[in-house]
Structure formats: structure tokens, C-alpha cells
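# Topology and contacts: notes
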Amino acid sequence: MLVLVAPGQGAQTPGFLTPWLELPGAADRVAAWSDAIGLDLAHYGTQADADAIRDTAVAQPLLVAAGLLSASALGDVSPGAVAGHSVGEITAAAFAGVLDEATALKLVRTRGLAMAEAAAITETGMSALLGGDPEVTVPHLEKLGLTPANVNGAGQIVAAGTLEELAALEADKPEGVRRVVPLKVAGAFHTRHMAPAVTKLEEAAKELAPADPTVAYVSNKDGKSVASGAEVVSRLVGQVANPVRWDLCMETFQELGVTALIEVCPGGTLTGIAKRALPGVKTLALKTPDDLDAARALIAEVAAAATA
């Protein structure tokens, strides 16, 4: 079984969209999406610097656009399951047919703006913890007032909270944690600090008419497969103020019998985690169009094994 996954915020790098826009029809699609959401995706994906694309209101729609563009370049692909990390869940919802592409981009534009506004209320941030045991780390973070906002598996946890709380973490690391690395993000995503964004997304969600997923849609909330389109959207809304449980998503991949994982552009982060946490599962990251042939070969290999 193949699972198609989409990365979250922080995966973007300056100019990463440039080679993808050279594919037939890609520039026109991105231009149409840009007009629909009032954001020049081509500019930000090809010319903007790292600071400009770190802006939450820019990064989120840029990531969804890149994921949709790269997935469509694969051609006819029918994954057994889909999932996305944080904002990548919206990309995955489009893969699963819950939202059409235009609706997904409009929703992520609303999400990015709402989360940027929420992040501006209080100075907050996120830091990755290297090393340590989650059973020790999580209680320690909670003692400091921090949220384990991303529990990614393979021992990787990201803490989020106020800058003062993160400074306290630097001075008082959990036992076994080697380093605390501040992340280049604009706020404490997936925490109580994002509550105002949830309210705005709830309003936007009322206008949606989601379809039920056509493949297994694995949710960040608890790693469960969700069969209802309305439930997918409800989880997308609430998820911005709650932790990402990517570790539980990967447990579900194992239960489903996933044998291959392809991460759409800008791939790398989730395949890196999977290599450590899912031994035996073949992984491939779509970084540039040069990776498409290898991805198609992996898709064909999985399809052949399924019919053998």
C-alpha cells in the first residue's frame, strides 16, 4: 500500500517552486490559484527570500499549492491512504477528494491569515528538542507551561509557548535532551494561543460542502482514519489549536500495511522521520521534478505487488 503525505510549515525554502513552474501548464494553474486567493504564489515560490516566506499567511498557501502541483505531476496515482502534517492536512484533504483544489487554497489562505493574526497577540514560538524520552519530556514541558505541539515520532518533539517559557526550557532541559533548537516560525502553533484562529476557521467552514474521502484519510488529531468529509473539516478547524500527533499517524500507516511513502513537494521532512520510525517502508521525497521518474517507478512497483 502507498501513502501520500504532505509536509507542514517550515519545509519551504527560497526558490523551491521554480523548477515546478517549468512543467507544462503549471504556471497557468498557479496564476489562477494566485488570482483566486489574492496572493502571488509564483513570486513567493521563486523570488522571495526566507523571511518573506516564513510569514505564516504566505507559507501556508504556498505549501498547499506546491503539494497539489507536485502530486498532479505524478499522473494517475491512487494511494491507499493520505495524510498531511499540520497545514499539509489541507493538501491531503484535496488528495482525498474532500475539498477541490480551489476550495483547499481558499481555506488555507483563511487559515494562514487567521493564525498570523493570532500569533501577533502574544510573542510566542516553537523549539525542537533533540534526544530524550517522550515519557519524560512531555511532563517536563507541561510543568514549564509549554505544549508538546508536534509529537512526530522517532523521539522528535516540538515544544511551543511564550518566549519566556521557551527561555526557561533552554535553561532547564528535560533529562536526556541534548539540545533545544528554536524554529523559524511566527508563533506557537497547535496550542491555546491559536484559539482566535479556530473561531475564524469555524466561520469559514460553514460555507464548505465537503465530500467524503475516497481513500483512507489519516488525521493528525489521533492518527485515526476519518470516513466523513464533515468530520475531516471539523478536525482541520480544531487542529490549529491542538497538538499534531504524527507519531500516531505513522502507527496507523503500519496498521494499514503501508509499504511505500511518497512525500509531495517540498518533501524531505516526513520521509526523514519515516526512515527512522517505519523500517522496511520505502520512502521518496518530491523535492524537484527530477524526482518524478523515481516516484512513478515506486508507484508502479506498489501497484504490481498489490496485484501479484
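Reference entry: report on the structure contained in this document. (Residues numbered from 1 in each chain as written. Predicted model: local features only at pLDDT ≥ 70, side-chain atom pairs only at ≥ 80, totals over all residues. Heavy atoms only, no water.)

### Section: helix 12 (residues 269-277)
Where helix 12 is concerned, the buried positions are L270, T271, I273 and A274. Buried positions in helix 12, seen along its axis, are confined to an arc of 160° and lie on one side of it. Its buried side turned inward, helix 12 meets strand 1 (2-6), strand 4 (147-153), strand 5 (156-162), helix 11 (246-256), strand 9 (260-263) and strand 10 (282-285). (Buried < 20%, exposed > 50% of the residue type's maximum accessible area, 1.4 Å probe, protein only. Helix = DSSP H or I, 4+ residues; strand = E, 2+ residues; numbered from the N terminus. Arc of directions from axis to C-beta. Contact = heavy atoms within 4.5 Å.)

### A word on the side chain of Q60
Relative to the helices and strands, Q60 resides in helix 4 (residues 56-73). Given the relative accessible area of 0%, Q60 is considered buried. Apart from the residues within four sequence positions on either side, Q60 is in contact with Q9, V87, V108, R111, G112 and M115.

### With respect to the pattern of salt bridges
Opposite charge on two side chains permits pairing when their charged atoms draw close. All chains considered together, the criterion is met by 11 salt bridges. Here E117 ties to K200 by a salt bridge, and the two come within 2.3 Å at their closest N and O atoms. Of this pair, E117 sits in helix 6 (residues 101-119) while K200 sits in helix 9 (residues 195-205), and the two are 83 residues apart along the sequence. K200 gets classed as partly exposed once you look at its relative accessible area, which sits at 41%. When salt bridges with common partners are traced through the structure, they connect D222, E231 and R235 into a single cluster. (Salt bridge = Lys/Arg side-chain N within 4 Å of Asp/Glu carboxyl O.)

### Side note on the pairing of strand 10
Note that strand 9 and strand 10 share four bridges and pair parallel. Within strand 10, the residue paired with I262 across the bridge is L284. (Pairing = 2+ DSSP bridges.)

### Some words on helix 8 (residues 163-171)
Taken together, the buried positions of helix 8 are occupied by E165, L166 and L169. Seen along its axis, helix 8 keeps its buried residues to an arc of 100°; they face one direction. Every exposed residue of helix 8 that faces more than 90 degrees away from the buried side is listed here: E164 and A171. Packing partners of the buried residues in helix 8 comprise strand 3 (124-131), helix 7 (134-143), strand 5 and strand 6 (177-182).

### Let's talk about the sheet that holds strand 3
Neighbouring strands of a sheet are bound in pairs by backbone hydrogen bonds; such pairs are parallel or else antiparallel. Strand order in the open sheet formed by four strands is 4-5-3-6, and the pairing between neighbours is antiparallel. Edge positions in the open sheet fall to strand 4 and strand 6, since each of these has one partner strand only. Strand after strand, the sheet turns through a mean of 25° between neighbouring axes, direction not considered. (Axes fitted to C-alpha atoms, helices over the stretch in contact; angles between N-to-C directions.)

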